[in-house]
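Fold and geometry: a report
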Amino acid sequence: MLQAGIVGLPNVGKSTLFNALTRSRKAEAANYPFCTIEPNIGVVEVPDDRLFELQKIAGTKVVIPAAVEFVDIAGLVAGASKGEGLGNKFLANIREVDAVVHVVRCFDNDDILHTMGKVDPIRDIGVIETELILADIQSAEQQLDKNQKKIKSQDKDAIANVELLTRLVKHLNDGKPASSLSVNEEERLRIKSYALLSSKSVLYACNVAEEHLADPSKNPYVEAVRKHIAEQSGCEAVVICAQVEAELCELPPNEAKDYLSALGVTDSGVSGLIRGAYKLLGLATYFTAGEKEVRAWTFRHGMTAPQCAGVIHTDFEKGFIKAEIVAYADLVKLGSVAAARDAGKYRLEGKEYLFKDGDVTLFRFAN
């Protein structure tokens, strides 16, 4: 399962948010730095209202949503790339995740310590970005040195690596993350193999006070973050109140809904964050729907029908014959598989078909 790592400076609300995401108390949340040392891991259901529409059509009581894994990583401080604080542990943990959820403090509260004094989300973002870039410079320079030694033997792969790593090291030394380097598809795959920290996609979670949930545009910190990421590609921001989310965990669904309504919002910030992380990881959902269950299955954009069949079981991929498919929107509009078939919206797809988010499918395969 792909993982999204939750990162940020100490005391920005990471562990409180992790507890809300996982509806647990696995991560200690306390008012002092480095309260999280070993990473906490939790599997989180992806909110998807489409499942319940399909449940009505299928006439089943069992609904199984997709899931994504979150990792709560120790707070970072300036100097992490040199081993300050829990720097080495932080960098090792973040290297292992597939994408990053960067929690940024966007609220004032004198009772909650800020390790750098004044609240300044752009400075805080810069601290973490800088430490990731500095760690990447060390890694890229080491890989460049190794590949330069191979050039003498006319190793074509090493020659390509040297050309790319030379550009990359210069780019990093200019204070720019690896993710912003202009590359072609072949180079993009090559950079991925370098396992660089600053090449990972980032979702910024702006942690605000309760009074700013209904209209985050009134929060100058949130607006500063939005302006900052508007200049970067592949970055998005969501607004959450970790403390409110923690309180929602304690309430029954109906009371939680009423609580959100009283705050002037219709949906939990956590729901938006989960969906944002799912998108950040390049994931999409297809469905299977029958009398036994309605289930959401996770796949990566660009996967073929046999590969998606393999998500259910490897035997499905090996013995793949055809996929019976109807788009979610068509099925819900027409009300049944039979009606979709009569309307010509139900079709057979072969091995070359690329699955789309919302496809409802039944696989044909040979045993």
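In what follows, the accompanying structure is described. These numbers come from a predicted model, not from an experiment.

Let us now look at the overall build of the protein. Secondary structure summary: the protein contains 14 helices and twelve strands in total. Across the 367 residues of the protein, 48% fall into the buried class. The contacts of the protein with a sequence gap of at least 6 include a subset with a gap of at least 24, amounting to 68%. For the protein, the accessible area works out to roughly 18,300 Å², and carbon and sulfur atoms hold 51% of it.

In the contact formed by helix H5 (residues 156-173) and helix H6 (residues 185-193), the axes pass within 11 Å of each other and the chain directions differ by 85 degrees. If you check the angle between H5 and H6, you find them roughly perpendicular. Residues Asp157, Ala160, Asn161, Glu163, Leu164 and Arg167 of H5 pack against Glu187, Arg190 and Ile191 of H6. The residue makeup of the contact of H5 with H6, split by class, is three nonpolar, one polar and five charged.

Right, let's talk about unusual backbone geometry for a bit. Backbone geometry at alanine 195 places phi at a positive 55 degrees, although glycine is not the residue there. With respect to the helices and strands, alanine 195 occurs in the loop between H6 and strand E6 (202-207). Its relative accessible area of 34% is what places alanine 195 among the partly exposed residues.

It is worth spelling out the state of the cysteines at this point. All told, the structure shown has zero disulfides when counted by the stated rule. Free cysteine: cysteine 106, not disulfide-bonded; nearest cysteine sulfur from cysteine 206 at 4.2 Å. Of the residues examined, cysteine 106 reaches a relative accessible area of 1% and is grouped as buried.

Here we take up the sheet that holds strand E7 (residues 235-240). Strand order in the open sheet formed by six strands is E2-E4-E1-E5-E6-E7, with mixed pairing between adjacent strands. Here the strands that pair on one side only, and so sit at the sheet edges, are strand E2 (40-45) and E7. Direction aside, neighbouring strands of the sheet carry axes that sit 25 degrees apart on average. As judged from the four bridges shared by strand E1 (residues 3-7) and strand E4 (residues 67-72), these two strands associate in the parallel manner. Paired with glutamine 3 across the bridge in E4 is glutamate 69. Against the sheet, helix H4 (residues 121-150) contacts strand E5 (99-105) and E6, and its axis sits at roughly 145 degrees relative to E5.

Glancing now at the pattern of salt bridges. Should their charged atoms come close, side chains of opposite charge can pair. Inspection of every chain in the model, using the stated rule, returns 17 salt bridges. When the shortest N-O distance is used, the salt bridge between aspartate 72 and lysine 14 registers 3.4 Å. In this pair, aspartate 72 sits in strand E4 while lysine 14 sits in helix H1 (residues 14-22), placing the two residues 58 residues apart along the sequence. Overall, the relative accessible area of 6% leaves lysine 14 in the buried class. Between glutamate 324 and arginine 364 there is a salt bridge, with its nearest N and O atoms 2.8 Å apart. One end of the pair, glutamate 324, is in strand E10 (residues 320-327); the other, arginine 364, is in strand E12 (residues 359-365), with 40 residues separating them in the sequence. The buried category is assigned to glutamate 324, whose relative accessible area is 10%. If you follow the salt bridges from partner to partner, you end up with Asp48, Arg50 and Asp357 in one network.

Our next topic: the environment of alanine 366. Tracing the sequence through the fold places alanine 366 in the segment after E12. For alanine 366 and phenylalanine 316, which are 50 residues apart along the polypeptide, the C-alpha to C-alpha distance reads 7.8 Å. Other than its neighbours up to four places away in sequence, alanine 366 contacts Gly319 and Ile321.

With that settled, consider the environment of histidine 102. Here histidine 102 is to be found in strand E5. Expressed as a C-alpha distance, the spacing of histidine 102 and tyrosine 204, which sit 102 residues apart in the sequence, is 4.8 Å. Excluding its chain neighbours within four sequence positions, the residues that come into contact with histidine 102 are Val7, Gly8, Asp124, Ile125, Ile128, Val202, Leu203, Tyr204 and Ala205.

As paired strands, E10 and E12 are joined by seven bridges and run antiparallel to one another. Bridge assignment links valine 326 to a residue of E12, and that residue is valine 360. Here E10 runs beside strand E11 (residues 347-349); their pairing, made up of three bridges, is antiparallel. By the bridge assignment for E11, alanine 323 is matched with glutamate 349.

Quick look at the packing of H4 against helix H7 (residues 220-230) now. Between two packed helices, both the angle of their axes relative to each other and the distance between the axes serve to describe the pair. Interhelical geometry of H4 versus H7 gives an angle of 45 degrees and a closest axis separation of 9 Å. In this view, H4 runs oblique relative to H7, as classed from their interaxial angle. Along its contact with H4, which presents Pro121, Ile122, Ile125 and Glu129, the element H7 presents Tyr221, Ala224, Val225 and His228. Here the contact of H4 with H7 is built from residues that sort into six nonpolar, one polar and one charged.

Before going further, it helps to spend a moment on H7. Within H7 the residues assigned to the buried category are Tyr221, Val222, Val225, His228 and Ile229. For H7, the angular spread of the buried residues around the axis is 125 degrees, confining them to a single face. Facing away from the buried surface of H7 by more than 90 degrees, the exposed residues are Pro220, Lys227 and Ala230. Buried residues along H7 sit in contact with E5, H4, E6 and E7. Between the side-chain oxygen at the start of H7 and the backbone nitrogen of tyrosine 221 there is a gap of 2.8 Å, and the oxygen is on asparagine 219.

Reading guide: rules and limits
- Residues numbered from 1 in each chain as written.
- Predicted model: local features only at pLDDT ≥ 70, side-chain atom pairs only at ≥ 80, totals over all residues.
- Heavy atoms only, no water.
- Helix = DSSP H or I, 4+ residues; strand = E, 2+ residues; numbered from the N terminus.
- Buried < 20%, exposed > 50% of the residue type's maximum accessible area, 1.4 Å probe, protein only.
- Contact = heavy atoms within 4.5 Å.
- Areas by Shrake-Rupley, 256 points an atom, 1.4 Å probe, with all protein chains shown as cover.
- Axes fitted to C-alpha atoms, helices over the stretch in contact; angles between N-to-C directions.
- Parallel < 35°, antiparallel > 145°, perpendicular 65-115°, else oblique.
- Nonpolar A, V, L, I, M, F, W, Y, C, P; charged D, E, K, R; others polar.
- Disulfide = S-S within 2.5 Å.
- Pairing = 2+ DSSP bridges.
- Salt bridge = Lys/Arg side-chain N within 4 Å of Asp/Glu carboxyl O.
- Arc of directions from axis to C-beta.
- Polar contact = N/O pair within 3.5 Å; in protein donor to acceptor, adjacent residues only side chain to side chain.

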